[in-house]
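Examining the three-dimensional arrangement
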Amino acid sequence: MKSREYQQIDPQAPPTPTQTPLPHHHQADGVDRRKEPRTPRRKWEVFPGRNRFFCDGRIMMARQSGVFPLTLGLIFLTSGLFFIFDCPFLVKHLTRCIPAIGGVLFVFVLITLLQTSFTDPGILPRATPEEAADIERQIDDTGNTSYRPPPRTKEVLINQQVIKLKYCFTCKMFRPPRTSHCSLCDNCVERFDHHCPWVGNCVGKRNYRFFYTFIVSLSFLTAFIFGCVTTHLALRAQGGKGLVFALQESPGRYPYMPNVFKLSLTHLFTAVELAICFFSVWSILGLSGFHTYLVASNLTTNEDIKGSWSGKTGEGVTNPYSHRNIFINCCSVLCAPMPPSLIDRRGFLPADESAQTSGVDIELPNLNNKSEINVCTQETKGLLESAALSPLLATSCPQGKPQTALSCPDNSPALKSDPSLELSQRRGQAHPNSKTYGSTSPLRTYTGLHKHKRASSHTARLTFDSHVSPDGDHGSKPKGHQGTKFATLH
Amino acid sequence: MATEFHNLQELRHSASLANKVFIQRDYSEGTTCRFQTKFPSELESRIERTLFEDTVKTLNNFYAEAEKIGGQSYLEGCLACVTAYLIFLCMETRYEKVLKKIGKYIQEQNEKIYAPRGLLITDPIERGMRVIEISIYEDRGSSGSSSGSSSVSGSTAR
């Protein structure tokens, strides 16, 4: 009914009737758009990737936290045991600096770990529908989109070297150089290094320096604790006097326990520390060394494992991003200006854009211009996609999901070979297959937003009704179509 | 300024979107942020080539300034590392400062040059720094939608 009224409006008719259908949506001056009755939502609430957000979008992690709690637990446990059992002894026998150094290292490790886990690694937002359509138009000259085309690539010249850019079917764009799509997080990440289950997040352009500082300081911490524990045990075992001294000291600490048991307790905890540190030190030192090499040659784990620049192809391919100078490479990776987060987690969704589109739709019947109608349909689609329905409404959706699986092999070698990611591989296999994971991601993303479902569906219905359905009450066809979409989400 | 902003809003509300042009990234110098200065054919009738190229070149210069690795960025990086990167929570980074400058520049360009021609540039940061999106609006009337005489509801601008 609403649309019929619009169609009957004579272009020369006075403007006032057109404004009555939407009195409280379309502010005439359009200066303040925040007069929506419902609370504006933030963009993180409709983020299509597989991420978790806390503190109203300030903190983000991958949805699979991996073994991040274990990492935290191990660090706290080992450091705690160190401060409780080793420090008092060593302060008496050696120097007071030991707990100070240990404390500084511990705080450093903790802060950098949290920063690595909670920072946006450099996620690229997905392409808007207009952008995706523009790219499709440039590729598909024939206009044939009935079957899934082969993986698309585009070649660019970087520092006189030919680099192939791949098309990401999930994000609907050509991935910039050094960008890779993480299958676990379902996001394209810039300068993708790897997905680290120990920190529960991807490591990419924005948090690589935090990750590197974390593993370097952690290797110092574990080496330090290892050294202190070894010294502690050595000093205790050095002479009978040491043991006796310990025995005499013990009652002071644990007045109600038998002496022998107290000594065993101390030794037990020290032994636990020793075991954890022994196994950690080698792996973490190894990882630090590996990443130091990567930083010095301006490589990512992904590139190193795939052998992109090692000349596997037989030609003289060298890393085009390297500055050919170790110092400059290190500085450009670790000391470059911090790039901004591109996903604007805490920005507000343009909720009143629906009203604006309706305002524009009023013009539609006055112009017999197909392209405008198509554009407006696209805009409506864009709106709906911004309300977190993008994977479902995009026409290439069925192609998108299998292609995510195809893009997975890009990342799986990285996941398999990195020593820090052995666990992720096991977890990846234990989990529902990442290929199916991709296809269920919109459902998983959306079911987490129960309270916003109605709001977004209401928005979507408004735009559909105003310019697609012939009758005002929620018409059967488009609404039914939409109803189907929502039904699948439930 | 208020009048011009009003005109931009009028552009959005009263004109109808005809097309969008996307200026892609130029990766010839690596992963630093640069946009292609190639003049798109859709804009040929709407704006002069030199104006467009000036805008894109200025934007490229801004981004190069933001990402420049030099003495100052080394100091900032080292200081940040020493403080376990906590200063990023307190300070506005250099990149963010330059992004604000870019936002102001784009708004100024829109008001002075692009809106009178029925065009609108979207800040690349809103598109993930992948493209510069230029929206082309249909001319609604003789003098376009930037004239203050066109009434608020654009349907009369016929």
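In this text, all values refer to a predicted model and were calculated from it rather than measured experimentally.

Here the focus is the overall build of chain B. Within chain B, the secondary structure is distributed over five helices and three strands. Listed N to C, the secondary structure of chain B is α-β-α-α-α-α-β-β in terms of helices and strands. Taken across its 158 residues, chain B has 51% of its residues classed as buried. Across chain B, the fraction of contacts at a sequence separation of at least 24, relative to all contacts at a separation of at least 6, is 62%.

To continue, consider the overall build of chain A. When you go through chain A residue by residue, the secondary structure sums to 17 helices and 10 strands. Across the 490 residues that make up chain A, the buried fraction comes to 52%. Of the roughly 22,800 Å² of accessible surface on chain A, 62% is carried by carbon and sulfur atoms.

A word on the environment of leucine 294 of chain A. Residues and elements named next belong to chain A. Along the chain, the position of leucine 294 falls in helix H8 (residues 259-296). Using a relative accessible area of 0% as the deciding quantity, one classes leucine 294 as buried. As for leucine 294 and aspartate 304, which are separated by 10 residues in sequence, their C-alpha atoms are 8.0 Å apart.

Bringing the sheet that holds strand E3 (residues 132-137) of chain B into the picture now. Residue and element names in this part refer to chain B. The sheet built from three strands is open, its strands ordered E1-E3-E2 with antiparallel pairing. Both edges of this open sheet fall to strand E1 (17-23) and strand E2 (119-122), since each of them pairs with a single strand only. Adjacent strand axes in the sheet meet at a mean angle of 20° when their direction is disregarded.

Relative to the helices and strands, glycine 66 of chain A is located in the loop between strand E2 (59-62) and helix H3 (68-93). As a C-alpha pair, glycine 66 of chain A and glycine 200 of chain A span 134 residues in sequence and 5.2 Å in three-dimensional space.

On to the pairing of E2 of chain A, then. All names here are of chain A. Direction of pairing for strand E1 (residues 51-54) relative to E2: antiparallel, over a ladder of four bridges. Note that in E2 the partner of phenylalanine 54 across the bridge is isoleucine 59. Where E1 folds back on E2, the antiparallel hairpin that results is connected by four residues, among which cysteine 55 adopts a positive phi of roughly 55°.

Take the packing of aromatic side chains next. In total, this model carries 21 aromatic pairs over all chains according to the counting rule given. Residues phenylalanine 210 of chain A and phenylalanine 88 of chain B carry aromatic rings whose centres are separated by 6.5 Å and whose planes lie at 65° to one another, so their mutual orientation is edge-to-face. In this pair, phenylalanine 210 of chain A is assigned in helix H6 (residues 208-238) and phenylalanine 88 of chain B in helix H4 (residues 87-90), connecting two distinct chains. Put simply, the rings of Phe76, Phe82, Phe83, Phe106 and Phe224 of chain A pair up and form one aromatic cluster. Of note, arginine 191 of chain A hangs over the ring of tyrosine 208 of chain A, and the distance from its end group to the ring centre comes to 5.5 Å.

Bringing the sheet that holds strand E7 (residues 180-182) of chain A into the picture now. Residues and elements named next belong to chain A. As summarised here, the arrangement of the three strands in space is E3-E8-E7, forming an open sheet in which the pairing is antiparallel. Either end of the sheet is taken by a strand with one partner, and the two such strands are strand E3 (123-124) and E7. Across two bridges, E3 lies against strand E8 (residues 187-189) in antiparallel orientation. Bridging across to E8, isoleucine 123 finds its partner in valine 189.

What follows covers the pattern of salt bridges. Residue and element names in this part refer to chain B. Under the definition given, this model contains 17 salt bridges over all chains. The partner of aspartate 26 in a salt bridge is arginine 34, with the nearest N and O atoms 3.4 Å apart. Overall, arginine 34 belongs to the partly exposed group, its relative accessible area being 26%. Between glutamate 65 and lysine 101 there is a salt bridge; the shortest N-O distance is 3.2 Å. With a gap of 36 residues between them, glutamate 65 in helix H2 (residues 49-66) and lysine 101 in helix H5 (residues 94-114) connect regions that are remote in the sequence.

Another point: the nonpolar core. Core analysis: the largest hydrophobic core is formed by 44 residues, its most contacted members being Ile75, Phe82, Tyr208, Phe211, Phe214 and Leu218 of chain A. Elements that contribute at least two residues to this core include exactly H3, helix H4 (97-118), strand E4 (153-158), strand E5 (161-168), H6, H8 and helix H10 (326-334) of chain A. The element contributing the most residues to this core is H6 of chain A, with 11 residues. Other than its neighbours up to four places away in sequence, phenylalanine 82 of chain A contacts Cys87, Ile98, Gly102, Phe224, Ile225, Cys228 and Glu273 of chain A. Counting residues in hydrophobic clusters, the runner-up holds 38 residues, among them Met173, Phe174 and Cys188 of chain A together with Leu59 of chain B.

On to the packing of H2 of chain B against H5 of chain B, then. All names here are of chain B. The contact between H2 and H5 brings their axes to 9 Å, and the two run at 170°. One element, H2, and the other, H5, form an angle in the roughly antiparallel class. Residues Leu51, Phe52, Asp54, Thr55, Thr58, Leu59, Phe62, Tyr63, Glu65 and Ala66 of H2 pack against Arg94, Tyr95, Val98, Leu99, Lys101, Ile102, Tyr105, Ile106, Gln109, Ile113 and Tyr114 of H5. For the contact of H2 with H5, the residue count by class is 14 nonpolar, three polar and four charged.

What follows concerns the UniProt feature "transmembrane region" (unreviewed entry) in chain A. All names here are of chain A. Per the UniProt record, "transmembrane region" (unreviewed entry) is found at residues 67-85, 97-116, 210-235 and 265-285. Here residues 67-85 is 95% helix and 0% strand, with 27 Å between the C-alpha atoms at its ends. For residues 265-285, the helix share is 100%, the strand share is 0%, and the end-to-end C-alpha distance is 29 Å.

Turning our eyes to something else, we now look at a nonpolar patch on the surface. Residue and element names in this part refer to chain A. There is a patch of nonpolar side chains on the surface, built from Leu70, Leu74, Leu77, Leu268 and Val272 and spanning about 380 Å² of accessible area. Secondary structure elements with two or more residues in the nonpolar patch: H3 and H8. It is H3 that provides the largest number of residues to the nonpolar patch, a total of three residues. Mapped onto the elements of the fold, leucine 70 is located in helix H3.

What follows deals with H2 of chain B. Between the first and last C-alpha of H2 of chain B there are 26 Å, a value that for 18 residues agrees with the 26 Å anticipated at 1.5 Å per step. Buried positions along H2 of chain B lie against E1, H5, E2 and E3 of chain B.

So, how was this worked out
- Residues numbered from 1 in each chain as written.
- Chains lettered and ligands numbered in written order.
- Predicted model: local features only at pLDDT ≥ 70, side-chain atom pairs only at ≥ 80, totals over all residues.
- Heavy atoms only, no water.
- Helix = DSSP H or I, 4+ residues; strand = E, 2+ residues; numbered from the N terminus.
- Buried < 20%, exposed > 50% of the residue type's maximum accessible area, 1.4 Å probe, protein only.
- Contact = heavy atoms within 4.5 Å.
- Areas by Shrake-Rupley, 256 points an atom, 1.4 Å probe, with all protein chains shown as cover.
- Pairing = 2+ DSSP bridges.
- Axes fitted to C-alpha atoms, helices over the stretch in contact; angles between N-to-C directions.
- Phe/Tyr/Trp six-rings, centres within 6.5 Å; stacked < 30°, edge-to-face > 60°.
- Lys NZ or Arg CZ within 6 Å of the ring centre and 35° of its normal.
- Salt bridge = Lys/Arg side-chain N within 4 Å of Asp/Glu carboxyl O.
- Core = buried A, V, L, I, M, F, W, Y, C linked by side-chain atoms within 4.5 Å.
- Parallel < 35°, antiparallel > 145°, perpendicular 65-115°, else oblique.
- Nonpolar A, V, L, I, M, F, W, Y, C, P; charged D, E, K, R; others polar.
- UniProt positions renumbered as here; feature names shortened; annotations may be inferred.
- Patch = residues over 30% accessible without salt bridge, like charges linked within 9 Å, V, L, I, M, F, W, Y side chains within 5 Å.
- Expected span 1.5 Å × (residues − 1).

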